[in-house]
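Here is how the chains run, residue by residue.
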Amino acid sequence: MPINTGNFTKALWPGVNAWYGKTYDEFKPEYPDLFDKNTSRRAYEEDVGTSGFGLASVKTEGGVINYDSATQGFTTRYTHVNYALGFVITEEMVEDDQYDIIGKSRAEALAFSMRQTKETVAANVFNRAFNSSYTGGDGLEMVSTAHLNVSGGTWSNELATAANLSESSLEDMCINLMKFTNDRGLRINVQPQSLIIPVDLVFEAERILKTDGRVATANNDLNALKAMGKFPKGVKVNHYLTSTTAYFIRTNVANGLKYFERKGDAFAADNDFDTSNAKFKASGRYSFGWTDARGIYGTAGV
C-alpha cells in the first residue's frame, strides 16, 4: 500500500529533532572479491568446456603416430534475473511532510535494499556451495568430492573430511588444489589466491596468516603459509555468508566464479495520473555462478 499520512503522523508536525533508522554505514561492496565481472547483452550466457589431449605416446621407428581426439565438455548457463523494488507515496503525504524526509529517506533506503540484494544473491552461491539442489555444468554442487571429468573419472575440490579453519587444514587444501589436473589428467598450475571466510572466522584467520611462527605451538617453526605468500590477495571477509564454519580458497583458474551484469541498478520516479501519488522504483538484472569449479576449494567446517 502507498506510504500515507497515517504511516508517518510525526512528519506532519513540527518538533521532531531527528529521524533515525533510514540509513546506516555500509560495508564496501564485497561481491567483487568473489567473482570476475562480465557484461552481457543477452537473456543468458553459456560457457562450454572442452577436453584437451592426453599424454604423447612413444613412436617407434617407421611406426605411425597415435592420433587423439577432443570433445565438447559441460555447458554452464548463466540466466540473468531481474531484481526490482519500489514504493509509492500519496500526494497528501508529499504535500504535508514538514521535513521533506519521506521521499528522500525512502529513496536512500531503496538504494540500500538494491545493494544488499546483490550482495545476498552473490553470497548465496557460496551459501549453497555444498547443496546438491544447486548444481553447475557437471550436474554437481560447486564444492564436491566427486566432480566429473569430460573424459571420465572424478576429482574433488572439497576436503575429504570437513575441518575447522586451522593452519593444517589450509595447508592440506593448498596441497590438494596444487595437484589439480585438467580433464585429461595433465597437471595444471593451480595456486591459491585468497581466503574467503565469514565474519565469525576473522580473528582465527588473522592469527593463522599473520604470525611469523606456527600457530598455537611452542616450537620455533616457520609459518609456511605466510612465508610462502600462499594467499597473495589476502583474506576476504564476507558479511553475507550464513555458515559460521565454512571457508573457501579462491584459485587462479580462469572462468571460475563469474558475475554477469545484464543491466546495472537503475532508478526511476513518476507520478500516477489518477491518484497523483509519487512512485519510485529500482531494478537491476544480473546473474552469479561458476563455470570451472577448479576456481574454488572449500570445506563446510565442523
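Up top is the structure these notes are about.
Residues numbered from 1 in each chain as written. Predicted model: local features only at pLDDT ≥ 70, side-chain atom pairs only at ≥ 80, totals over all residues. Heavy atoms only, no water.

**Points about helix H3 (residues 167–177)**
No. 1: Every buried residue belonging to H3 is among Glu 167, Ser 169, Leu 170, Met 173, Cys 174 and Leu 177, and all of these are buried. Within H3, the buried residues cover an arc of 165° as seen down the axis, which keeps them to one side.
No. 2: In the core, the buried residues of H3 are packed alongside strand E7 (192–198), helix H4 (202–210), helix H5 (224–227), strand E9 (247–251) and strand E12 (296–299). (Buried < 20%, exposed > 50% of the residue type's maximum accessible area, 1.4 Å probe, protein only. Helix = DSSP H or I, 4+ residues; strand = E, 2+ residues; numbered from the N terminus. Arc of directions from axis to C-beta. Contact = heavy atoms within 4.5 Å.)

**Quick look at the layout of surface pockets**
No. 1: Counted as a void, the largest pocket has a volume near 550 Å³.
No. 2: In terms of lining, the largest pocket is formed by 29 residues, of which the most central are Gly 49, Asp 183, Thr 291, Asp 292 and Arg 294.
No. 3: Elements that contribute at least two residues to the lining of the largest pocket include exactly strand E2 (44–50), strand E3 (72–79) and strand E5 (147–148).
No. 4: Here the lining of the largest pocket takes four residues from E2, the largest share from any one element.
No. 5: Within the lining of the largest pocket, the residues separate by chemical class into eleven nonpolar, 13 polar and five charged.
No. 6: Computed from the structure, the second largest pocket encloses a volume of approximately 400 Å³. (1 Å grid on protein atoms, 1.4 Å probe; cavity = no way out; pocket = protein on both sides within 12 Å on 5 of 7 lines; lining within 4 Å. Points joined across faces, edges and corners; volume = space filled by probe spheres on them. Nonpolar A, V, L, I, M, F, W, Y, C, P; charged D, E, K, R; others polar.)

**Examining the sheet that holds strand E8 (residues 235–238)**
No. 1: One open sheet holds the four strands; their spatial order is E8-E7-E9-E12, and the pairing between them is mixed. Where the open sheet ends on each side, the last strands, each with one partner, are E8 and E12. Each strand of the sheet is rotated relative to its neighbour by a mean of 20°, with strand direction disregarded.
No. 2: One ladder, built from four bridges, connects E7 with E8; its direction is parallel. Across the sheet, Ile 197 pairs through a bridge with Val 237, a residue of E8.
No. 3: On top of the sheet, H3 reaches E7, E9 and E12; it is set at about 35° to E9, its chief contact.
No. 4: Against the sheet, H4 touches E7 and E8, its axis set at about 150° to E7. (Pairing = 2+ DSSP bridges. Axes fitted to C-alpha atoms, helices over the stretch in contact; angles between N-to-C directions.)

Scope: geometric values only; no functional claims are made or implied.
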